[in-house]
Structures are given as C-alpha cells and as structure tokens.
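Reading the structure
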Amino acid sequence: QTEQAYSHKDRQLFLLSFSDHHQRYTEQTKKTKKLYPFSISNNTTHQALLIPMAQKQPLIVRDKNQMRNWSRSMRSQSKLIAFVPTMGYLHQGHLSLITEAHKHANVVAVSIYVNPGQFSPNEDLSTYPSDFEGDVQKLLSVPGGVDVVFNPKNLYDYGESEGGEGGGGGGGGEVVSCVEKSGLGHESWVRVEKLEKGLCGKSRPVFFRGVATIVAKLFNIVEPDVAVFGKKDYQQWRVIQRMVRDLDFSIKVIGCEITRENDGLAMSSRNVHLSSEEREKVLFYSSIVCIICLLSTTRQHF
C-alpha cells in the first residue's frame, strides 16, 4: 500500500534523503571517534586508562565562592568563559560540547553535579551512574583540556550546613529528591511555563522546573559568557534558551548536534543501564521516528 501511495519520484527522493542522512551520520561518527577514541556502551566499561592524555590538569573546585572568585579572576584578565554543565559519567557527547566551547571562549569550565531537583521520588536519582575520577581522566583527552571542574557537594539548602544531606555528584551524604525535601529550606524555583509542558514534561512534571532552577543557580555561580548544551535533550535546550532570554542572563546559549554510538543510539550516561533487548527496542523506535520524519519531509515537496 505504501508503494502504491507514492510515485516513483517520491520513492527516489526518500531514498536520497535517507542516504544523505546516513552519510552525514557516518561522517560525524568518524570525526568523533578520531577526536575521542573510546566509547561507552553495553560492551565497554567506563574506563579512562587508555585515553590519550593532554597536559592540562583542571582545577577541581567544590566551593561556590571559590568558583565565583575563579570566574571573576578570569574576567579581570579579559578572558571569556565557556561553561558546559553536566551530571557526570561523561561520554563522547559531553566531550564534543567541550570542544565546541573552546571555539567561543578563552577558558572552559565544566560542572559535574547530579541535580536532585529534577528527579521525582520514584525516579533514578540514587542509581544515576557516577565515576568522578574517570570523568576527570576523560576531560584530559579533550584538545585544549578543561580549565576548571566545578563539583559541589550540595547546591540546595535543606536547613543544614552546605555539604550535608542531599548532595549530588559524588559529594557524599544521603542523596534525596528535592521534591521530598522541598519544605526544609529551598523554596525558590524557576518555571518556563509553556515550554516545560508536553513531551517529557507530561510524564516528568518536576523535571524542567528542576533543570531550569539548577542551570540558573549554576549560571549565577560560574558567571559564564557562553554555555553549551546538547540537542539530544532538545526540549531542555529550548527551555534554557527561553529562560536566558526571559530573565536577561547575559549568556550566549549554544546547542550542539547529537553524538551517537556506533549502532546509532544517541549517547547518554543512562545507556549503561540498558539491557541488550532494551537497546534494540530503543534503536527500533528511533528508526521509526526517523523514517516518519523523512517521509513527512518528502511529502512536503509535493
């Protein structure tokens, strides 16, 4: 029925579009593997021992005031600061963001912090993958390196001293969702009301509130000129863009294209939790979405 619905010219255009998409993906994969000759997938471990090392050792900062002082020192030297926020367990996608960041600034800051504010109580905060030492080793492989890594213990006040209960990103202490602890100190949240609804926001009602809030907090601490995000989390990228515009942050937000595994799966820290069967299902659904998009684009030409 599909063949009958489309003319020969339609099918030719679809095949050409699909071929072009595949060629661009293959070229991107080769380029990425040349820069970062390692991969994180079900068949590889999160090891950094075989990564070619750069000479620049990043400064590790865990205190908010120290982070601000570093940024202001850089600015006093007329240096532009690029910032790449992450939740750690880094992969090639993260490293490609850092490479992009170097194009827009003199120094690069990376944060590694598992943000409890974007997790509901029934989500995977306690099992989110973490390997801080391995992450630092991976950062050494990036051309140009990283100047500073901001790895705070706790960016939310639960009524206790900073660094106490509720930390994330390898800071120690009990890892607790901000939803559960919302009445014990942290009461201010950033909402991007329209863009956070629908898509991921429909099934994760506190997610974008938590993302917008932590990014705003990080922007106020790191004080960057440029911030780089991946388009894998497309809705998140758009939410951050709108927040920056609406709240008049003097920061340029840059979005980078998706980096994929060898089998085409978008790179994600959570991929390590996928079974072989789950991975095949994800790839199948992703392929269906790509085909639908290509067919839709093809039909628009006629």
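Values in this document were obtained by computation on a predicted structure and should not be read as measured data.

Section: the overall build of the protein chain
On a plain count of helices and strands, the protein chain comes out with nine helices and six strands. A buried classification covers 46% of the 302 residues belonging to the protein chain. Counting only carbon and sulfur atoms, one obtains 51% of the accessible surface of the protein chain, whose full area is about 16,100 Å².

Some points on the sheet that holds strand 6 (residues 252-256)
The sheet built from six strands is open, its strands ordered 1-4-3-2-5-6 with parallel pairing. Each edge of the open sheet carries a strand with a single partner, namely strand 1 (59-61) and strand 6. Ignoring strand direction, the axes of neighbouring strands in this sheet form an average angle of 25 degrees. The pairing of strand 2 (residues 81-86) with strand 5 (residues 226-230) spans two bridges and is classified as parallel. Looking at the pairing, Ala 82 lines up with Val 226 of strand 5.

Things to note about the packing of aromatic side chains
Under the counting rule described, the total for this entry stands at six aromatic pairs. Consider the rings of Phe 83 and Phe 219, whose centres lie 6.4 Å apart with planes at 70 degrees: the pair is edge-to-face. Highlighted residues: Phe 83 in strand 2 and Phe 219 in helix 7 (residues 207-222), separated in sequence by 136 residues. Assessed through its relative accessible area of 0%, Phe 83 is described here as buried. On the basis of relative accessible area, Phe 219 is assigned to the buried category, the value being 2%. Centre to centre, the rings of Phe 119 and Tyr 128 are 6.3 Å apart; their planes meet at 80 degrees, and the pair counts as edge-to-face.

What about helix 4 (residues 92-102)?
Among the eleven residues of helix 4, nine are classified as buried, and the element is accordingly described as predominantly covered. All of the buried residues along helix 4 are Gln 92, Gly 93, His 94, Leu 95, Ser 96, Leu 97, Ile 98, Glu 100 and Ala 101.

Examining the packing of helix 7 against helix 8 (residues 234-246)
The contact between helix 7 and helix 8 brings their axes to 10 Å, and the two run at 50 degrees. Classified by the angle their axes make, helix 7 and helix 8 are oblique. Crossing handedness for the pair helix 7 and helix 8: right-handed. Residues Phe 207, Phe 208, Val 211, Ala 212, Val 215, Ala 216 and Phe 219 of helix 7 touch helix 8, and the partners they reach there are Gln 235, Gln 236, Val 239, Ile 240, Met 243 and Val 244. Taken together, the residues of the contact of helix 7 with helix 8 sort by class into eleven nonpolar, two polar and no charged.

Describing the packing of helix 3 (residues 64-76) against helix 7
Contact geometry of helix 3 with helix 7 gives a least axis separation of 7 Å together with a crossing angle of 55 degrees. The angle between helix 3 and helix 7 falls in the class oblique. Contact with helix 3, carried on its side by Lys 64, Met 67, Arg 68 and Ser 71, involves Asn 220, Ile 221 and Val 222 of helix 7 and no other residues of that element. Partitioned by chemical class, the residues of the contact of helix 3 with helix 7 number three nonpolar, two polar and two charged.

Describing the pairing of strand 3 (residues 107-112)
With six of its six residues buried, strand 3 lies for the most part within the structure. Because side chains alternate across strand 3, one face comprises the buried residues Val 107, Ala 109 and Ser 111, and the other comprises Val 108, Val 110 and Ile 112, equally buried. Sheet topology places strand 2 next to strand 3; six bridges connect them, and they run parallel. Across the sheet, residue Ile 81 finds its bridge partner in strand 3, namely Val 107. Remark: the strand 2/helix 4/strand 3 crossover connection has right-handed handedness. Looking at chain direction, strand 3 and strand 4 (residues 148-150) are connected through three bridges and run parallel. Along strand 4, the bridge assignment pairs Ser 111 with Phe 150. In the classification by handedness, the crossover that spans strand 3, the intervening helix 5 (residues 132-139) and the parallel strand 4 is right-handed.

Details of the layout of surface pockets
Within this model, the largest pocket holds a volume of roughly 1,100 Å³. The set of elements that each furnish at least two residues to the lining of the largest pocket consists of strand 2, helix 4, helix 7, strand 5 and helix 8. It is helix 7 that contributes the most residues to the lining of the largest pocket, six residues altogether. Among the residues forming the lining of the largest pocket, the class breakdown is 20 nonpolar, 15 polar and six charged.

What counts as what
Residues numbered from 1 in each chain as written. Predicted model: local features only at pLDDT ≥ 70, side-chain atom pairs only at ≥ 80, totals over all residues. Heavy atoms only, no water. Helix = DSSP H or I, 4+ residues; strand = E, 2+ residues; numbered from the N terminus. Buried < 20%, exposed > 50% of the residue type's maximum accessible area, 1.4 Å probe, protein only. Areas by Shrake-Rupley, 256 points an atom, 1.4 Å probe, with all protein chains shown as cover. Pairing = 2+ DSSP bridges. Axes fitted to C-alpha atoms, helices over the stretch in contact; angles between N-to-C directions. Phe/Tyr/Trp six-rings, centres within 6.5 Å; stacked < 30°, edge-to-face > 60°. Parallel < 35°, antiparallel > 145°, perpendicular 65-115°, else oblique. Left-handed = near helix turned anticlockwise from the far one by under 90°. Contact = heavy atoms within 4.5 Å. Nonpolar A, V, L, I, M, F, W, Y, C, P; charged D, E, K, R; others polar. Right-handed = clockwise from strand over helix to strand, strands pointing away. 1 Å grid on protein atoms, 1.4 Å probe; cavity = no way out; pocket = protein on both sides within 12 Å on 5 of 7 lines; lining within 4 Å. Points joined across faces, edges and corners; volume = space filled by probe spheres on them.

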